[in-house]
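# An overview of the molecular structure
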There are 2 protein chains.
Amino acid sequence: MRDSDDALTIDQLNTFLLVAKYSSFHIAAEKLFLSQPSVTSRIQALENDLGVTLFVRQGRGIKLSDQGEKLVPIAKRIIGMYHKARTTLEN
Amino acid sequence: MRDSDDALTIDQLNTFLLVAKYSSFHIAAEKLFLSQPSVTSRIQALENDLGVTLFVRQGRGIKLSDQGEKLVPIAKRIIGMYHKARTTLEN
DNA sequence: GACGTTTACGATTAACGTAAGGATA
DNA sequence: TATCCTTACGTTAATCGTAAACGTC
């Protein structure tokens, strides 16, 4: 069981943004060179961490939930900030 | 061995900021209710992820390295963004 | 039945705490 | 020697992939 600690990872946010972009777990899995169940696990862990449902499961496919929509821009900013950190320090 | 993946965690950044604030691993460990070696591990993992040395070890104590100084404001912004995500979604 | 997501499960990897080691004052 | 960080090591928890199951088309 995962508590609502601060265990959030950049990998989780990256995975989330890819799934959101393609509205697909298996395409995100391809892009990440990961198995599809691993993507499911990452999203579930993220949903658990944040205490919200990010995607609406509708049988064959999925789509972003309202909360998921809200997370997208913030996730992008965090990822951007992370890359800024890397480039700032890589010199 | 830790590759330069995107395995960065919020916990690592939080730990980093606390260590930087107190210039002390063992005080950060207290604040985090963690053992001192765990703090060492987290910082080492972060240094590995980013490929830089964040603290200058000087026997008894430590201090921020130049790269560490650069990371502080960026880490603060990432943490702030993370909390914004939580408050935005908690409603 | 084909396609896409989830669950189950065993194996690999990472994180933690206790205890011991190393370095400085 | 007292203080603080690091290394060693055994244990516990998280992550992954394969295989099977479930739900829509």
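Residues numbered from 1 in each chain as written. Chains lettered and ligands numbered in written order. Predicted model: local features only at pLDDT ≥ 70, side-chain atom pairs only at ≥ 80, totals over all residues. Heavy atoms only, no water.

- In the annotation of an unreviewed UniProt entry, the entry for chain A reads HTH lysR-type domain-containing protein, and the organism field reads Sporolactobacillus laevolacticus DSM 442.
- The Sequence similarities (unreviewed entry) comment attached to chain A in UniProt states, word for word, "Belongs to the LysR transcriptional regulatory family." (UniProt positions renumbered as here; feature names shortened; annotations may be inferred.)

### Notes on the protein's contact with DNA strand D
- The local shell around DNA strand D holds 17 residues, among which Ser 35, Ser 38 and Arg 42 of chain A together with Gln 36 and Arg 57 of chain B are the closest.
- Counting only atoms of DNA strand D within 4 Å of the protein, the sugar-phosphate share comes to 78%.
- Between Ser 38 of chain A and DNA strand D, the recorded distance is 2.5 Å, taken from a side-chain N or O atom to a phosphate oxygen.
- Contact distances for DNA strand D include 3.0 Å between a phosphate oxygen and a backbone N or O atom of His 26 of chain B.
- Contributing elements (two or more residues each) for the surface near DNA strand D: α3 (36-50) of chain A together with α2 (25-32) and α3 (36-50) of chain B.
- The leading source of residues in the surface near DNA strand D is α3 of chain B, at four residues.
- A breakdown of the residues in the surface near DNA strand D according to their chemical character gives six nonpolar, seven polar and four charged. (Near = heavy atom within 4 Å. Polar contact = N/O pair within 3.5 Å; in protein donor to acceptor, adjacent residues only side chain to side chain. Helix = DSSP H or I, 4+ residues; strand = E, 2+ residues; numbered from the N terminus. Nonpolar A, V, L, I, M, F, W, Y, C, P; charged D, E, K, R; others polar.)

### Concerning the packing of helix α4 (residues 66-90) of chain A against helix α4 (residues 66-90) of chain B
- Where α4 of chain A meets α4 of chain B, the closest approach of the two axes is 10 Å, and the angle between their N-to-C directions is 175°. In terms of their interaxial angle, α4 of chain A and α4 of chain B are classed as roughly antiparallel. Between α4 of chain A and α4 of chain B, the residues in contact are Gln 67, Lys 70, Leu 71, Ile 74, Arg 77, Ile 78, Met 81, Tyr 82, Lys 84, Ala 85, Thr 88 and Leu 89 of chain A and Gln 67, Lys 70, Leu 71, Ile 74, Arg 77, Ile 78, Met 81, Tyr 82, Lys 84, Ala 85, Thr 88 and Leu 89 of chain B, respectively. (Axes fitted to C-alpha atoms, helices over the stretch in contact; angles between N-to-C directions. Parallel < 35°, antiparallel > 145°, perpendicular 65-115°, else oblique. Contact = heavy atoms within 4.5 Å.)

### Re the interface of chain B and chain A
- Listed as interface residues are 26 residues of chain B and, on the opposing side, 26 residues of chain A.
- Regarding the contact of chain B and chain A, the summed buried area is about 2,600 Å², with carbon and sulfur atoms giving 62% of it.
- Taken as a group, Asp 6, Met 81 and Leu 89 of chain B account for 26% of the area that chain B buries against chain A, more than any other trio of residues on that side.
- Where chain B packs against chain A, one counts zero salt bridges.
- The interface formed by chain B and chain A holds ten residue pairs in polar contact (both at pLDDT 80 or more) in total.
- If you list the elements that add at least two residues to the side of chain B that touches chain A, you get α1 (10-22), α3 and α4 of chain B.
- Here the element with the most residues in the side of chain B that touches chain A is α4 of chain B; it accounts for 13 residues.
- Considering only residue class, the side of chain B that touches chain A consists of twelve nonpolar, six polar and eight charged. (Buried area = accessible area lost by both parts, 1.4 Å probe. Salt bridge = Lys/Arg side-chain N within 4 Å of Asp/Glu carboxyl O.)

### Comments concerning the packing of α1 of chain B against α2 of chain B
All names here are of chain B.
- Viewed as axis vectors pointing N to C, α1 and α2 meet at an angle of 130°, and their least axial separation amounts to 8 Å. Taken together, the axes of α1 and α2 are oblique relative to one another. For the pair α1 and α2, the crossing hand works out as right-handed. Across the interface between the two elements, Thr 15, Leu 18, Val 19 and Tyr 22 from α1 touch Phe 25, Ile 27, Ala 28, Lys 31 and Leu 32 from α2.
- Its residues assigned to classes, the contact of α1 with α2 comprises seven nonpolar, one polar and one charged. (Left-handed = near helix turned anticlockwise from the far one by under 90°.)

### Quick word on the UniProt feature "domain: HTH lysR-type" (unreviewed entry) in chain A
- Following the UniProt record, the feature "domain: HTH lysR-type" (unreviewed entry) maps to residues 8-65 of chain A here.
- Between the first and last C-alpha atoms of residues 8-65 of chain A the distance is 19 Å; the span itself is 62% helix and 14% strand.

### Details of the packing of aromatic side chains
- Counted by the stated rule, this structure contains four aromatic pairs over all chains.
- Their ring planes at 50° and their centres at 5.6 Å tell us that Phe 16 of chain B and Phe 55 of chain B sit as a pair that is tilted. Of this pair, Phe 16 of chain B sits in helix α1 while Phe 55 of chain B sits in strand β1 (residues 55-58), and the two are 39 residues apart along the sequence. For the pair Phe 16 of chain B and Phe 55 of chain B, one class covers both residues: buried.
- Pairing Phe 25 of chain B with Phe 55 of chain B gives two aromatic rings, centres 5.9 Å apart and planes at 65°, and the pair type is edge-to-face. Within this pair, whereas Phe 25 of chain B is found in helix α2, its partner Phe 55 of chain B is found in strand β1, the two being separated by 30 residues in sequence.
- Note on Phe 55 of chain B: relative accessible area 1%, which makes it buried.
- Ring pairing ties together the aromatic residues Phe 16, Phe 25 and Phe 55 of chain A, which thus form one cluster. (Phe/Tyr/Trp six-rings, centres within 6.5 Å; stacked < 30°, edge-to-face > 60°. Buried < 20%, exposed > 50% of the residue type's maximum accessible area, 1.4 Å probe, protein only.)

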